[in-house]
Amino acid sequence: MSEDTTIRIERFEPELIDGVPSAATAEFLTAISRGFHEAALEAGELKILAGLEANDNTTFTAVYDESAVQPSLHAEAPVATYASFPGTLNIGGGNLMPVHQITSVTVSPTHRRRGLLRRLITEDLAGAREAGMVFAALTASEATIYGRFGFGRATQRARFALKTHRGADLRVENEGTVVAIAPGELKNYAPGIFAAAHAHTLGSISATQFDVGQAAGLWEDYDSLKPVKNLRAALHLDAQGRPDGFMSYLFSGWKTAPPTMEIGQMCTATGAARRELIAYLGAHDLVEKITGRGPVDDVVPTALENARAYKVTSLGDHLWLRILDLETALSARSYGRDGHIRLRVHDALGFADGIWDLMVQDASAGVRRAPEGAVPEASVDVRDLASLYLGGFSATHLAASGVLRVHAPEALGTLNALFATDTVPYCQADF
């Protein structure tokens, strides 16, 4: 297929000129809002968003159709958008690895099925790999798009509802204290708590300034960059009086049945902080339900006197991971035991394609391409290796699903043992 000469791709940094977003920046941000069917951004919101993107070192990629003429919006506005920025991924053991984060991917319905997304993402991933990035990551609005580019489900996230008409009593004594604070105070505390939680949470992605502002109630979401009315907040202090968790929340109003507290942002560096903040919320008079989100292996129901009061209302994928540098990724990870596996990895984009030897001895991993003619013990697509990598999905699960093929009897047990993790990976960040 010949390249469409009417299509022009520009990459640029978000720009503010005398405090005002440049025309290209404003058009790009407006196109993202349109692509996600969000409310039109006002001038003040565009300024805030441009500043946040600049702070995160985001790179914008805009696609223009030079054949578009008035009255088409695309005579000036991009027909597709794509953005990326650097962050870190916790791969276990407190090991924070650089990750290339992808966001704001939109294609106008007028320009679908023209290969724009494939061109954008393949060029971007190639550039990230060349720049030394080991991983790429995204949160997908649709589940069927990114697998063909090598992204696999790496973490899941649950939404829960907790009945509190009888409170939320815990089985154990409190280890710390909870104090009510003004939401704006979280500008001072949230960055440190985000960082502490990120350092010990497998699968976590580093927080951004947007996350801090959302926690503090400066804005509700990307399509509503205005202060949140009636927001409340609480801070958890450990036994030594050090902040190790926070929560911002809203009362749903008396017209909602039953009366509900809705958790907005919540981040905790310890299990004690999570369970004690939930118990604090359950102690509010006249409130009969709490809603929020959390990890699949949430400590809250186990800590409650009445575990049945806690119900998972939905469960879905959250972080999608793409391995760009397989040798570095497998070498950097910690493993549950010594062992050796020869793995055939299929990668349509070529970054990780081939037969690889993974050898773990004395907690040290060695990775190399297998000799020519070597016979693999198991075969897997790079997207499914990403699901195995953080321990969110076991080799047994992948094999039963048919996406991991085992060629040697002992291979499944070896993969399960090597990639086992003590905790279920969890990513709180939205991006």
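Residues numbered from 1 in each chain as written. Predicted model: local features only at pLDDT ≥ 70, side-chain atom pairs only at ≥ 80, totals over all residues. Heavy atoms only, no water.

Visitor: Would you take a moment to explain the overall build of the protein chain for this structure?
Guide: Counting its secondary structure elements, the protein chain contains 11 helices and 21 strands. Taken over the C-alpha trace, the protein chain has a radius of gyration of 23 Å; the compact-globule value for 431 residues is 22 Å, and the two agree within 12%. Projected onto its principal axes, the C-alpha positions of the protein chain cover 70 × 65 × 35 Å. Counting the 431 residues in the protein chain, one finds 50% classified as buried. Taking the intrachain contacts of the protein chain between residues at least 6 apart in sequence as the baseline, contacts between residues at least 24 apart amount to 71%. Counting 38 positive and 51 negative side-chain charges, the protein chain places the centres of these two groups 6 Å from one another. (Helix = DSSP H or I, 4+ residues; strand = E, 2+ residues; numbered from the N terminus. Rg over C-alpha atoms; globule rule 2.2 N^0.38 Å. Buried < 20%, exposed > 50% of the residue type's maximum accessible area, 1.4 Å probe, protein only. Contact = heavy atoms within 4.5 Å. Lys, Arg positive; Asp, Glu negative; His and termini not counted. Charge placed at Lys NZ, Arg CZ, Asp CG, Glu CD.)

Visitor: Would you explain the nonpolar core in this entry?
Guide: Soluble globular proteins tend to bury their nonpolar side chains together. If you look at the biggest cluster of nonpolar residues, it comprises 47 residues, and the most contacted ones within it are Phe135, Ile205, Leu321, Leu326, Leu358 and Tyr389. Sorting elements by how many residues they give to this core places helix H9 (residues 382-389) first, with five residues. What Tyr389 contacts, discounting residues up to four positions off in sequence, is Ile91, Phe135, Leu321, Ile323, Ala329, Leu330, Arg333 and Phe419. Among the nonpolar cores identified, the runner-up in size contains 24 residues, and Val79, Val107, Leu125 and Leu324 belong to it. (Core = buried A, V, L, I, M, F, W, Y, C linked by side-chain atoms within 4.5 Å.)

Visitor: For this particular structure, what's the right way to read unusual backbone geometry?
Guide: Leaving glycine out, the prevailing phi sign among residues is negative, and the prevailing peptide bond configuration is trans. A cis geometry characterises the amide bond from Gln70 onward to Pro71, with omega recorded as 10°. As for its placement among the helices and strands, Pro71 is situated in the loop between strand E4 (59-65) and strand E5 (80-90). The omega angle of the peptide bond from Ala257 to Pro258 is -10°, so this bond is cis rather than trans. For Arg113, which is not glycine, the phi torsion reads 60° and is therefore positive. Within the secondary structure, Arg113 sits in the loop between strand E6 (96-107) and helix H3 (116-130). For Arg113, a relative accessible area of 86% translates into the label exposed. Positive phi values are uncommon outside glycine, yet Ala363 reaches one of about 65°.

Visitor: In this structure, what is going on with the environment of Gly35? I would like to understand it.
Guide: Note that Gly35 resides in helix H1 (residues 23-35). Gly35 gets classed as partly exposed once you look at its relative accessible area, which sits at 35%.

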